[in-house]
Protein chains: 2
Amino acid sequence: MTDRTRVLVVGTGAIGSFYGAILARAGAQVEVVSRSEHQQMREHGVRVDSSKMGDLSFQPATVYNDTSEVETPPDLLLLCVKVLDDIDRAELIRPAVGPDTAIVLIENGIEIEPPLVEAFPDNPLVSCLAFVAASRVGPAHTEHKAYGRLVIGSYPSGINPAAEQLSKLLEQGGINAPLAENLVTERWRKAVWNAAFNPLSVIAGGATTTDLLGSDNEQRLGTILMQEVCDVAAAAGHPMPEDLPEKSVVNTLKMPPYHNSMALDYLNGRDMEVEAILGNVIREARRLDVPVPHLDTVYGAVKILQRTLAGRQAG
Amino acid sequence: MTDRTRVLVVGTGAIGSFYGAILARAGAQVEVVSRSEHQQMREHGVRVDSSKMGDLSFQPATVYNDTSEVETPPDLLLLCVKVLDDIDRAELIRPAVGPDTAIVLIENGIEIEPPLVEAFPDNPLVSCLAFVAASRVGPAHTEHKAYGRLVIGSYPSGINPAAEQLSKLLEQGGINAPLAENLVTERWRKAVWNAAFNPLSVIAGGATTTDLLGSDNEQRLGTILMQEVCDVAAAAGHPMPEDLPEKSVVNTLKMPPYHNSMALDYLNGRDMEVEAILGNVIREARRLDVPVPHLDTVYGAVKILQRTLAGRQAG
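Structural notes, computed from the coordinates. (Residues numbered from 1 in each chain as written. Chains lettered and ligands numbered in written order. Predicted model: local features only at pLDDT ≥ 70, side-chain atom pairs only at ≥ 80, totals over all residues. Heavy atoms only, no water.)

A closer look at the interface of chain A and chain B
Here is step 1: At the interface, 28 residues of chain A touch 28 residues of chain B.
Here is step 2: Here chain A and chain B share an interface that buries about 2300 Å² over both sides, 59% of which is from carbon and sulfur atoms.
Here is step 3: Taken as a group, A:Thr297, A:Ile304 and A:Arg307 account for 25% of the area that chain A buries against chain B, more than any other trio of residues on that side.
Here is step 4: In this structure, B:Arg307 and A:Glu218 form a salt bridge, with 2.4 Å as the shortest nitrogen-oxygen distance.
Here is step 5: At the boundary of chain A with chain B, the tally comes to 10 residue pairs in polar contact (both at pLDDT 80 or more).
Here is step 6: Going through the elements one at a time, α6 (183-203), α7 (209-212), α8 (216-235) and α12 (293-314) of chain A are the ones with two or more residues in the side of chain A that touches chain B.
Here is step 7: It is α12(A) that provides the largest number of residues to the side of chain A that touches chain B, a total of 14 residues.
Here is step 8: Across the side of chain A that touches chain B, the residue classes break down as 13 nonpolar, 9 polar and 6 charged. (Contact = heavy atoms within 4.5 Å. Buried area = accessible area lost by both parts, 1.4 Å probe. Salt bridge = Lys/Arg side-chain N within 4 Å of Asp/Glu carboxyl O. Polar contact = N/O pair within 3.5 Å; in protein donor to acceptor, adjacent residues only side chain to side chain. Helix = DSSP H or I, 4+ residues; strand = E, 2+ residues; numbered from the N terminus. Nonpolar A, V, L, I, M, F, W, Y, C, P; charged D, E, K, R; others polar.)

Okay, here's the thing in structure tokens:
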């Protein structure tokens, strides 16, 4: 690799903008792909305001409309788009992937790596979990509110040189970026909360964490939902600590009320990552023959809700 | 009793207006209690348009603001208000209940009789199940669309003279009004659909029947939810036919898509009968030690939704 790492960010939402900014800050040559905000980004750059780290705005080396315009493949391709049924992520990035390009997933969910492994079997794959509070506040404008840690590993396990390189750059940029030998286990750990509470908050009308855990009965429900995710994780070879569900309830109740990402998507009429967050957990449960009656019910209700919303838009 | 049966309707929504109209048509002396539409009803009567039966509008013998104004207790007191946590139905009707007044419940849900039995242990109690499509279309104005059958019995079982009298009057008024020896069993039969689908349609954003059963997965969920209600019903001494859940799915799919009453309440921002329809089924399940994980999840989600909606109104 050359002295200056070449990074291409595909998906310039809050996550892509924030980590792109950190990498630019660390000295990487950061290019971005943005169809809708192409003009804005080319003229004014990518604006990122952080309450903790100050102004992180950066001017991308190149702003592409589309991956098909990329002539020199990057060293690291950061894939930061939502995982949705109607987006073929492999096809989206294919034109920009060279023989040595490492594909870096900064995305939510379980079992989101296999389609990319299948499409690019010879490329290094890096899988990451973001623990960050950041949101879009306007065109090409992101606000970073808190946290920022990125947990990095290879898929399905181990640590490849691209993961090490990414971690080093992010640490240089001022972010905590630990390497994890068992990234998939970390994904399951994050899924325990997300699969249980994200879709539940949606069918509960876009509930905050406080409303989700507002009574003993609902705390019991939340605990059972998390326990079912733990059961699937254990069957999949990723056992979680026994007290994780109870501890998660206690910790969530200590925090000020907030809307999780899927609740925000719902309240803002945006697409929701139902399959990546919960559907893939359900499919793993079926494959491994683990009963998940409470998760099944939430999944069924949220699928009906999506159908209801789609019908209302169409009608 | 006198020649002309004296009827008092408490709760002049679609149900109270429709059955009040049928009883007036049968020659009963019908009085009504309405606080909000008192003036309208006194001047213009209660308007009921039926696509099947024509104009059923009637002029009540008296329109009261409140039950405290009632001087001569009725023979039959029709209680047609929603069953909600913050309405004490016994206190609502107490001033109008005489020693011989039969209390007639035309209300939805399970285990809704006990508070009235407790408050009026010496009065005849009649419990009814309405199978009618009627809705309010304006102040003191109800539209009857289809059906109308009222299933009538005593509580907890048998048939008392007041039930017979009511049935006879309604049949005279042109309505099918069968007597049921085991009215509570009939309530459970109706609950199999209502407890399963009414709250589910709410957490699914106010879904229609077609959306509720829009895929194999959701048909399976609906069947399991109904089976859980059947399990509770059986443990409570009211076994249902084994094929009831499957048959209900098939029958529902044959009908044109519609919003059930709770979905309509939700979509119109009105109070929902969650406890009468589902909460009481859950409590019976607990008492009888019947596992109902799918119903538990729907119940939890709809309770969180109610909290979310209340918080939004307050905030």
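Past the structure itself, the notes keep going.
Side note on the packing of helix α1 (residues 14-25) of chain B against helix α5 (residues 161-172) of chain B
Packed helices, taken two at a time, are described by the angle their axes make and the gap between the axes.
Residues and elements named next belong to chain B.
Here is step 1: At a closest axis distance of 7 Å, the pairing of α1 and α5 adopts a crossing angle of 80°. On the basis of the axis angle, α1 is roughly perpendicular to α5. Only Leu166, Leu169 and Leu170 of α5 make contact with α1, whose side of the interface consists of Tyr19, Ile22 and Leu23.
Here is step 2: Residues that form the contact of α1 with α5 fall into these classes: 6 nonpolar, no polar and no charged. (Axes fitted to C-alpha atoms, helices over the stretch in contact; angles between N-to-C directions. Parallel < 35°, antiparallel > 145°, perpendicular 65-115°, else oblique.)

Some points on the nonpolar core
Here is step 1: The biggest cluster of nonpolar side chains holds 88 residues, and the ones touching the most others in it are A:Trp188, A:Leu200, B:Trp188 and B:Leu200.
Here is step 2: Look past the residues within four positions of B:Trp188 in its chain and what remains in contact with it is B:Ile110, B:Val229, B:Val232, B:Ala233, B:Ala236, B:His238, B:Met240, B:Val281 and B:Glu284.
Here is step 3: In this structure, A:Ala21, A:Val63, A:Ala102 and A:Ile106 belong to the second largest nonpolar core, which totals 37 residues. (Core = buried A, V, L, I, M, F, W, Y, C linked by side-chain atoms within 4.5 Å. Buried < 20%, exposed > 50% of the residue type's maximum accessible area, 1.4 Å probe, protein only.)

All quantities given are derived from atomic positions and should not be read as evidence of function.
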